[in-house]
Amino acid sequence: MRENTPPYWRQRRATEAMGRAGGAGPHPADAPLVAPPRRVPRPPRHFTAHLGFAADGPEQARELAVAYAEALSLLRPELVLVAAALSPADAWHRAERLFCAAVGPDGERCTDVSGHPGFHHAPGPGGLGWGEGDG
């Protein structure tokens with residue numbers, strides 16, 4: 001019949017008998033019993049947060065969604081503002097982009113609302129414009 005002690009006590013006694021009770025010391029027998037993982041961690045993935053709210057119509061819903069997206073981007077700068085979209089609550093497959101996201105000559109993206117008139121402007125006051133004209 002086996003002992004009635006928990007299994008971790010048996011393991012502890014076995015490692016102490018082998019001279020590895022301390023952990024990671026200078027002696028080879030003091031090396032840790034568990035090796036670090038060999039697998040490289042995955043790169044961060046992108047996720048989407050769906051926020052539900054009530055509005056009187058599509059125009060008011062668009063204005064509210066733009067306001068929510070801009071406010072969240074001020075609180076959390078890591079949010080991708082130009083990726084924000086709006087859809088009816090029961091039809092996520094009909095999502096519409098809220099922001100222009102046109103790529104400029106230096107790789108910057110336009111953060112104005114989609115369908116805005118005029119030039120695209122680079123970030124910052126007085127940024128250089130690009131685009132088709134005053135539309």
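Here the structure is a predicted model, which means the values were calculated and not measured. For every chain, the first residue of the written sequence is number 1, and numbering continues from 1 along that sequence. Where totals are concerned, whole chains, interfaces and linings use all residues; where local detail is concerned, this predicted model gives features only for residues with pLDDT of at least 70, and gives and counts side-chain atom pairs only at 80 or more. Excluding hydrogens and water, the side-chain values take into account all heavy atoms of the structure.

Draft legend 1. Spatial organisation of the overall build of the chain. Looking only at helices and strands, the chain features 2 helices and 4 strands. Helix and strand assignments come from DSSP, with helices taken as H or I runs of at least 4 residues and strands as E runs of at least 2, each series counted from the N terminus. Mapped from its N terminus to its C terminus, the chain presents α and β elements in the order α-α-β-β-β-β. The 135 residues of the chain split such that 18% are buried. We call two residues in contact whenever any of their non-hydrogen atoms come within 4.5 Å of each other. For the chain, the proportion of contacts with a sequence separation of at least 24, taken over those separated by at least 6, is 19%. To measure how exposed things are, a 1.4 Å probe is used in the Shrake-Rupley method; for residues, cover is taken only from the protein chains shown. Split by element, the accessible area of the chain, about 11,400 Å² in all, is 58% carbon and sulfur. For each residue, the accessible area found with a 1.4 Å probe, counting protein chains only, is set against the maximum for its type, and the residue is called buried under 20%, exposed over 50%, and partly exposed in between.

Draft legend 2. Structural detail: the environment of Trp-92. The topology assignment puts Trp-92 in the loop between strand E1 (85-86) and strand E2 (96-97). With 42 residues separating them in the primary sequence, Trp-92 and His-50 have C-alpha atoms 9.4 Å apart. Residues contacting Trp-92, with those up to four places away along its chain left out, are His-50 and Ser-87. Counted as a polar contact is a pair of N or O atoms within 3.5 Å, where, for protein atoms, one must be capable of donating a hydrogen and the other of accepting one, and residues adjacent in sequence contribute only when both atoms are in side chains. One polar contact links the side chain of Trp-92 to the main-chain carbonyl oxygen of Ala-89, over a distance of 3.4 Å.

Draft legend 3. Just the nonpolar core, in detail. Within this scheme, the nonpolar core is defined by two criteria: the residues are buried Ala, Val, Leu, Ile, Met, Phe, Trp, Tyr or Cys, and they are joined through side-chain atoms within 4.5 Å. Grouped together as the largest cluster of nonpolar side chains are 11 residues: Ala-61, Ala-65, Val-66, Ala-69, Leu-81, Val-82, Ala-84, Leu-86, Leu-98, Phe-99 and Ala-101. If sequence neighbours within four positions are ignored, Phe-99 has contacts with Val-66, Ala-69, Glu-70, Leu-81, Val-82, Ala-84, Thr-111, Asp-112, Val-113 and Ser-114.

Draft legend 4. Spotlight on the packing of aromatic side chains. Two aromatic rings from Phe, Tyr or Trp, using only the six-membered ring of Trp, form a pair when their centres are within 6.5 Å; if the ring planes differ by under 30 degrees the pair is stacked, by over 60 it is edge-to-face, and anything between is tilted. Here the structure, examined in full by the defined rule, presents 1 aromatic pair. Relative to Tyr-68, the ring of Phe-53 has its centre 5.2 Å away and its plane inclined at 75°; by these criteria the two rings are edge-to-face. Here the residue Phe-53 occupies a position in the loop between helix H1 (7-17) and helix H2 (58-75), and Tyr-68 occupies one in helix H2, the gap between them amounting to 15 residues. Taking relative accessible area as the criterion, Phe-53 reaches 30% and is therefore assigned partly exposed.

Draft legend 5. The arrangement of H2 in detail. End to end, H2 covers 26 Å across 18 residues, agreeing with the expected 26 Å (1.5 Å per residue, within 8%). Ala-61, Ala-65, Val-66, Ala-69 and Ser-73 are the residues of H2 that are buried. Viewed end-on, H2 has its buried residues packed into an arc of 135°, placing them on one side of the element. For H2, the exposed residues lying more than 90 degrees away from the buried face are Glu-59, Glu-63, Leu-74 and Leu-75. As for H2, its buried residues are in contact with E1. Multiplying 1.5 Å by the helix residue count minus one yields the expected span of that helix. Note that the arc is computed from the directions linking the helix axis to the C-beta atoms.

Draft legend 6. A nonpolar patch on the surface, seen in detail. Patch definition: residues above 30% relative accessible area lacking any salt bridge, with like charges linked at up to 9 Å and the nonpolar side chains Val, Leu, Ile, Met, Phe, Trp and Tyr linked at up to 5 Å. For this analysis, a salt bridge means a side-chain nitrogen from Lys or Arg found within 4 Å of a carboxyl oxygen belonging to Asp or Glu. On the surface, a cluster of nonpolar side chains totalling about 390 Å² of accessible area is made up of Leu-51, Leu-72, Leu-75 and Leu-79. With respect to the secondary-structure elements, Leu-51 resides in the loop between H1 and H2. For Leu-51, a relative accessible area of 54% gives the class exposed.

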